[in-house]
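A look at the structure
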Amino acid sequence: MEQLRPQGGGVDVEVTKATKELPRCRAVACQPISGLLGTEVSREGAPHSLHADVLVVGYGKGGKTVAAKVGRLGKRVVLVEQSDRMYGGTCPNVGCVPTKALVHHAMNRRPKDPAQEWYERSVTKVQAVTKMMRDGNYEGLNGMETVTVITGPAVFVAPHTVAVKAGGEHFTVTADTILINTGSEPAIPDIPGLRDSPYTVTSTELVETTVLPERLTIIGGGYLGLEFAAIYQRFGSQVTVLEAAPRIFSSLDDDIAAVAQGILTDEGIDIVTGAQVRQVRDGDGGASVVFDKAGHQHSVEADAVHAATGRAPATRDLALEAAGVRTRRVLSVRGSWPGRF
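Residues numbered from 1 in each chain as written. Predicted model: local features only at pLDDT ≥ 70, side-chain atom pairs only at ≥ 80, totals over all residues. Heavy atoms only, no water.

The number of helices and strands found in the chain is eight helices and 20 strands. Sorting the 341 residues of the chain into buried and exposed places 45% on the buried side. Considering only intrachain contacts with a sequence separation of at least 6, the fraction spanning at least 24 residues in the chain is 63%. (Helix = DSSP H or I, 4+ residues; strand = E, 2+ residues; numbered from the N terminus. Buried < 20%, exposed > 50% of the residue type's maximum accessible area, 1.4 Å probe, protein only. Contact = heavy atoms within 4.5 Å.)

Take a look at the structure:
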């Protein structure tokens with residue numbers, strides 16, 4: 001055991017040497033754990049107890065902004081993020097930043113450029129950018145004396161209490177005010193074989209993989225699926241889009257959707273509308289996506305199947321019922337509870 005003297009005074013906090021040597025992304029940052037947060041560290045391996053004025057669950061745009069603002073006002077803040085790859089939220093890590101960067105790299109590829117080599121180099125460059133932004137987001141809050149960042153999944157155990165496992169450490173965090181800022185995650189529809197197929201990928205996985213799929217089938221003709229269709233066709237994939245509605249971009253005006261489809265098909269993308277996907281069958285080296293159209297059954301072979309069918313609230317593992325929070329299947333919660341937002 002070693003003694004840590006919290007910065008700015010306060011009581012000595014006793015921690016194990018192993019805790020201090022954990023990578024910063026795997027455990028609570030040691031610097032902000034001080035008397036400011038009322039930390040109690042058990043000598044018998046029981047959970048560390050922290051109390052904050054504000055607890056933020058989720059490191060996305062809203063959560064990090066609130067944490068920074070409240071921290072600058074002198075309030076005690078704990079921010080819990082389950083993944084060390086999501087500091088800053090969806091946009092800089094797996095959303096708008098990497099996808100738009102991939103658009104740039106894909107459009108700059110010339111026909112003579114080797115597809116796999118160009119793609120792998122592009123993804124590597126994009127991931128370097130997202131890492132830089134992720135590190136900046138982490139340091140921006142972790143460097144504040146009034147903010148403590150814990151990396152690990154948060155689970156409600158009471159209306160104003162969450163339990164967090166960070167690396168080999170366990171924390172119990174209580175707060176007067178709790179902000180749930182976990183955002184959304186890709187939703188995979190209940191199509192037989194789709195969820196369990198090793199060839200199924202989400203947008204999160206696509207922006208990180210360095211292996212270019214030779215044949216990419218995208219289920220969903222909305223803005224997300226079509227953006228990835230355009231990106232990967234330019235990188236050199238053979239792309240098929242399966243859309244259940246009579247046309248792509250079903251939420252947009254007919255003339256806009258028609259122009260968009262003309263552009264994409266001219267690029268070489270195969271767009272099938274009115275396609276009801278029935279099953280995904282795994283085979284050797286790929287999957288077969290079975291769909292119905294106009295009363296006939298068809299199939300398309302794929303090295304990767306992208307489920308681009310929308311997003312769902314990322315609240316499934318929070319145990320919100322312990323906090324008295326009721327949820328619906330859409331992006332909302334029902335009811336009003338003091339101190340929880």
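This brings us to the sheet that holds strand 6 (residues 154-158). An order of 5-4-3-8-7-6 is seen for the six strands of this open sheet, with the pairing classed as mixed. Of all the strands in the sheet, just strand 5 (147-151) and strand 6 have a single pairing partner and so form its edges. On average, each strand axis in the sheet is tilted by 40 degrees relative to the strand beside it, whichever way the strands run. With nine bridges connecting them, strand 3 (residues 48-57) and strand 8 (residues 169-180) associate as parallel partners. (Pairing = 2+ DSSP bridges. Axes fitted to C-alpha atoms, helices over the stretch in contact; angles between N-to-C directions.)

For helix 7 (residues 223-235), built from 13 residues, the straight-helix expectation of 18 Å at 1.5 Å per residue is met to within 8% by its first-to-last C-alpha distance of 18 Å. Summarising burial for helix 7: ten of the 13 residues are buried, a large majority. A positive phi of about 120 degrees marks Gly 236, the residue just after helix 7. (Expected span 1.5 Å × (residues − 1).)

Tracing the sequence through the fold places Ser 203 in helix 6 (residues 203-206). With near-sequence residues (within four places) excluded, Ser 203 lies in contact with Pro 186, Leu 224, Phe 228, His 306 and Arg 311.

As enumerated under the stated definition, the model contains twelve salt bridges in all. We note a salt bridge from Glu 267 to Arg 234, for which the minimum N-O separation is 2.8 Å. With Glu 267 in the loop between helix 8 (254-266) and strand 13 (270-273) and Arg 234 in helix 7, this pair connects stretches of sequence that are 33 residues apart. By relative accessible area, which is 30% here, Glu 267 ends up partly exposed. (Salt bridge = Lys/Arg side-chain N within 4 Å of Asp/Glu carboxyl O.)

Turning next to the state of the cysteines. Throughout this description, disulfide means a covalent bond between two cysteine sulfur atoms. In this structure the tally under the stated criterion is one disulfide. For Cys 91, the disulfide goes to Cys 96, at an S-S distance of 1.8 Å. Residues Cys 91 and Cys 96 share a disulfide whose torsion about the S-S bond is about -105 degrees; that sign makes it left-handed. (Disulfide = S-S within 2.5 Å.)

The tally for this structure, following the rule as stated, stands at six aromatic pairs. With a centroid separation of 4.8 Å and an interplanar angle of 45 degrees, the aromatic rings of Tyr 87 and Tyr 138 are classed as tilted. Taken together, the positions of Tyr 87 in the loop between strand 4 (77-81) and helix 3 (90-94) and Tyr 138 in helix 5 (residues 115-142) put the pair 51 residues apart, joining distant regions of the chain. With respect to class, Tyr 87 is no different from Tyr 138; both count as buried. With a centroid separation of 5.0 Å and 80 degrees between ring planes, the pair formed by Tyr 119 and Phe 235 is classed as edge-to-face. (Phe/Tyr/Trp six-rings, centres within 6.5 Å; stacked < 30°, edge-to-face > 60°.)

Attention shifts here to the side chain of Gln 233. You can see Gln 233 is positioned in helix 7. Apart from the residues lying within four places of it in its own chain, the contact partners of Gln 233 are Val 239, Glu 267, Gly 268 and Ile 269.

What follows deals with the packing of helix 4 (residues 96-108) against helix 5. In contact at an axis separation of 10 Å, helix 4 and helix 5 are set at 150 degrees when each is read in the N-to-C sense. Classified by the angle between their axes, helix 4 and helix 5 sit roughly antiparallel to one another. The crossing of helix 4 and helix 5 is right-handed. On the side of helix 4, the interface is formed by Val 97, Pro 98, Ala 101, Leu 102, His 105 and Asn 108, while helix 5 contributes Trp 118, Ser 122, Val 123, Lys 125, Val 126, Val 129, Thr 130 and Met 133. Looking at the contact of helix 4 with helix 5 residue by residue, the class counts come to nine nonpolar, four polar and one charged. (Parallel < 35°, antiparallel > 145°, perpendicular 65-115°, else oblique. Left-handed = near helix turned anticlockwise from the far one by under 90°. Nonpolar A, V, L, I, M, F, W, Y, C, P; charged D, E, K, R; others polar.)

Another aspect to go through is the environment of Val 129. Relative to the elements of secondary structure, Val 129 occurs in helix 5. Take Val 129: its relative accessible area is 37%, and that puts it in the partly exposed class. The spacing of Val 129 and Asn 93 is 36 residues in sequence and 9.0 Å in space, taken between C-alpha atoms.

Let us look at the nonpolar core. If you look at the biggest cluster of nonpolar residues, it comprises 31 residues, and the most contacted ones within it are Ile 218, Tyr 232, Phe 235, Val 239 and Val 241. Sorting the residues of this core by element identifies helix 4, helix 5, strand 11 (215-219), helix 7, strand 12 (238-243) and helix 8 as the ones contributing at least two each. (Core = buried A, V, L, I, M, F, W, Y, C linked by side-chain atoms within 4.5 Å.)

For the rest of this paragraph, the subject is the confidence of the model for the chain. In this model, the chain carries a mean pLDDT of 86, and residues with pLDDT of at least 70 account for 83%. Within the model, the stretch residues 1-44 combines pLDDT values under 50 with 82 contacts to residues more than four positions away or in other chains. pLDDT under 50 marks residues 331-336. Its contacts with residues more than four places away, or in other chains, come to ten contacts. (pLDDT = per-residue confidence, 0-100.)

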